[in-house]
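What the coordinates show
Chain by chain, the residues:
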Amino acid sequence: MTSHEAGPLDPGGPVLLVGAGKMGGALLDGWLARGLDPKTAFVIDPALPDVAVEKLERLGCTVGPQAGQLSNPVAILVAVKPQMAKAALPAAAAFAGPGTVIISIMAGTTLSTLGRGLAERQAIVRAMPNTPAAVGRGVTGCVAGAHVTADQRALTDRLLTAVGDVVWVEEEALIDAVTGVSGSGPAYVFLMVEALARAGVSAGLPADLAQTLARKTVEGSGVLLSQSAEPPEVLRKNVTSPNGTTAAALDVLMADDGLAPLMERAVAAATRRAKELAG
Ligand SMILES: NC(=O)C1=CN([C@@H]2O[C@H](COP(=O)(O)OP(=O)(O)OC[C@H]3O[C@@H](n4cnc5c(N)ncnc54)[C@H](OP(=O)(O)O)[C@@H]3O)[C@@H](O)[C@H]2O)C=CC1
Ligand SMILES: O=C(O)[C@@H]1CCC=N1
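Residues numbered from 1 in each chain as written. Chains lettered and ligands numbered in written order. Predicted model: local features only at pLDDT ≥ 70, side-chain atom pairs only at ≥ 80, totals over all residues.

The condition that has to hold: UniProt positions are given in the numbering used here, feature names are shortened, and annotations may be inferred rather than shown by experiment.
Looking at an unreviewed UniProt entry, the protein carries the name Pyrroline-5-carboxylate reductase, with the source organism given as Hansschlegelia plantiphila. According to the UniProt record, the Function (unreviewed entry) comment for the protein is "Catalyzes the reduction of 1-pyrroline-5-carboxylate (PCA) to L-proline." Its UniProt record, at the heading Sequence similarities (unreviewed entry), says of the protein: "Belongs to the pyrroline-5-carboxylate reductase family."

1. Points about the site of ligand 2
Operational definition: The criterion for a residue being near a molecule or strand is a backbone-placed C-beta atom within 6 Å of that molecule or strand. Three classes are used: nonpolar for Ala, Val, Leu, Ile, Met, Phe, Trp, Tyr, Cys and Pro, charged for Asp, Glu, Lys and Arg, and polar for all others, with Gly counted as polar.
All residues in the neighbourhood of ligand 2 are listed as Ala107, Thr179, Gly183 and Ser184. Looking at the shell around ligand 2 residue by residue, the classes come out as one nonpolar, three polar and no charged.

2. Remarks on the domain arrangement of the protein
Heads up, the rule is: Domain ranges listed in this record stem from an automatic or a database domain assignment. Two residues qualify as a contact pair if the distance between their C-beta atoms, derived from the backbone, is within 7 Å.
Partitioning the protein into structural domains gives domain 1 (15-175) and domain 2 (185-277). On a C-alpha basis, the centres of domain 1 and domain 2 stand 33 Å from each other. In this assembly, seven residues from domain 1 lie in contact with six residues from domain 2. By residue class, the composition of the side of domain 1 that touches domain 2 is three nonpolar, four polar and no charged.

3. A word on the sheet that holds strand β4 (residues 75-78)
Here is the rule: Note on pairing: two strands pair once DSSP finds at least 2 bridges between them. The helix count covers DSSP runs of H or I at least four residues long, the strand count covers runs of E at least two residues long, and both are numbered beginning at the N terminus. Axes here mean lines fitted to C-alpha atoms, for a helix over just the part in contact, with angles spanning 0 to 180 degrees between N-to-C directions.
Here we have eight strands laid out as an open sheet, ordered β3-β2-β1-β4-β5-β6-β7-β8, and mixed in their pairing. Only two strands of the sheet have a single partner each, and these edge strands are β3 (62-63) and β8 (164-168). One ladder, built from two bridges, connects strand β2 (residues 41-44) with β3; its direction is parallel. What sits directly across from Phe42, in β3, is Thr62. Those strands touched by helix α5 (residues 150-161) are β4, β5 (101-104), β6 (123-128), β7 (138-144) and β8, and its axis lies near 150° from that of β8.

4. Here we look at the UniProt feature "binding site: NADP(+)" (unreviewed entry) in the protein
Counted only if it meets this: Here a residue counts as buried when 20 or more other C-beta atoms sit within 10 Å of its C-beta, as exposed when there are 12 or fewer, and as partly exposed otherwise, the C-beta atoms being derived from the backbone.
When the UniProt feature table is mapped onto this chain numbering, "binding site: NADP(+)" (unreviewed entry) sits at Ala79, Val80, Lys81 and Pro82. Within the secondary structure layout, Val80 lies in the loop between β4 and α3 (85-95). On the basis of neighbour count, Val80 is assigned to the buried category, with 26 C-beta atoms found within 10 Å. What Val80 contacts, discounting residues up to four positions off in sequence, is Val18, Gly19, Ala85, Ala88 and Met106.

5. Considering the packing of helix α6 (residues 174-183) against helix α11 (residues 259-277)
Using the following cut-off: Any angle between 65 and 115 degrees counts as roughly perpendicular, while under 35 counts as roughly parallel, over 145 as roughly antiparallel, and the rest as oblique. Whether a crossing is left-handed or right-handed is set by the direction in which the near helix is turned from the far one by less than a right angle, anticlockwise for left-handed and clockwise for right-handed.
Axis separation between α6 and α11 bottoms out at 8 Å; the angle between their running directions is 135°. Between α6 and α11, the angle falls in the class oblique. Crossing of α6 over α11 shows right-handed handedness. Here Asp176, Ala177, Thr179, Gly180 and Val181 of α6 lie close against α11, whose contacting residues are Val267, Ala270, Thr271, Ala274 and Lys275. Its residues placed into classes, the contact of α6 with α11 shows five nonpolar, three polar and two charged.

6. Observations concerning the site of ligand 1
Around ligand 1 sit 25 residues, and of these Gly19, Gly21, Ala47, Met106 and Ala107 come closest. Counting only elements with at least two residues in the shell around ligand 1, the list comes to α1 (22-33) and α3. At three residues, α1 tops the list of elements feeding residues into the shell around ligand 1. Counted by class, the shell around ligand 1 contains 16 nonpolar, six polar and three charged residues.

Given below as structure tokens:
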């Protein structure tokens, strides 16, 4: 796993972001927060509201670059919905040079599909980040296509560690499972907050108090997990007094039809859906 290096982010040339929505926007914010020179940041996103365009332009970024304004970017990060890939890839192809690495974060979209819209020997990385990137605490799984050089892999690391940690896998199919675990994973955790709050209401708490308790419990547990050297199993056991209240709850959650098989089915469904998105 690689983590952020000290010092300002310097990719060594211009970077183009195609699609500045929730994930692309979080990455761009992370790059700028890590000291990326805004003059080297280019953005294509026809849906970007005027106020966001003005803010980026005020910083010195170029939104909607014309041919001639940008050549040979060191990286193009494609962050549109997989269904928009066909519409967005021509722009990436138009600006890409032989030294450009294309980094796609589109769920399911394979290296082979990406390659069809790009030059024959284009360097392509398929990556899967997650939304905690918005607070610099994301984790991204990556796989490198055949033409990615060691320098381009290091550059990808620099761009993605700006918003969290990065892991590489060698087998492309594993990216679909990465999507099922960490790409979609934050939604499972937020759903757990919602469900815990609802269960608190059923146990007699006022709704706003139940929400506060559920939210703070998951926030605090996340921080404890991140700051502790102990595995989650030990942290769980630390809460669980013999024959106490937690043990009573865990008897339900750890039953044969409890959380583990449910999570397995959920991750399998997400992984399957990623494969379906490949078309
Ligand atoms: N959200 C998440 O948790 C994660 C998402 N991803 C992947 O990231 C990608 C983006 O997801 P997300 O950020 O949630 O989606 P968003 O819809 O928030 O962002 C996509 C942005 O791209 C814009 N767009 C559409 N067509 C084009 C185009 N031709 N050129 C440039 N921009 C375009 C969209 O505009 P408009 O709204 O008008 O369509 C939108 O602003 C997806 O492929 C997803 O699989 C990966 C990991 C996690
Ligand atoms: O739901 C999705 O398809 C995207 C990919 C991972 C998280 N969001």
